[in-house]
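Summary of structural features
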Amino acid sequence: MSKQDLIVTALAALQPEHLDVLDESHMHSRGLETHYKAVIVSPAFAGLNAVKRHQKVYATVGELMGQIHALALHTYTPEEWAAQGVAPASPTCRGGH
């Protein structure tokens, strides 16, 4: 199981309505599997500011953080996501899946 798959599995605990975990390693570190971007739309973020959302995500993937050089997080409530004109899809993982 790749680190990307491990991240997806861990983030599923946040009950995402939409989840993209993108492997951006090809843009960094000479292609080593160490750089990821996660876009998470979850009702679990309701009422939390950006700092608290990031803390919630990092607590969820904490055991993996020692193996990952960089994880960029983009966290939204369903309402915030809809306000951007994008409706949440069912949970997905893109970037090689």
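Residues numbered from 1 in each chain as written. Predicted model: local features only at pLDDT ≥ 70, side-chain atom pairs only at ≥ 80, totals over all residues. Heavy atoms only, no water.

As annotated in an unreviewed UniProt entry, the protein chain carries the name BolA family protein and comes from Ectopseudomonas alcaliphila. Here the protein chain is described in UniProt, under the heading Sequence similarities (unreviewed entry), as follows: "Belongs to the BolA/IbaG family." (UniProt positions renumbered as here; feature names shortened; annotations may be inferred.)

Read across the sheet, 3 strands follow the order β1-β2-β3 without closing on themselves; strand pairing throughout is mixed. Of all the strands in the sheet, just β1 (18–23) and β3 (70–76) have a single pairing partner and so form its edges. Direction aside, the axes of adjacent strands within the sheet are offset by 10° on average. Relative to β3, strand β2 (residues 35–41) runs parallel, the two being bridged by 7 bridges. (Pairing = 2+ DSSP bridges. Helix = DSSP H or I, 4+ residues; strand = E, 2+ residues; numbered from the N terminus. Axes fitted to C-alpha atoms, helices over the stretch in contact; angles between N-to-C directions.)

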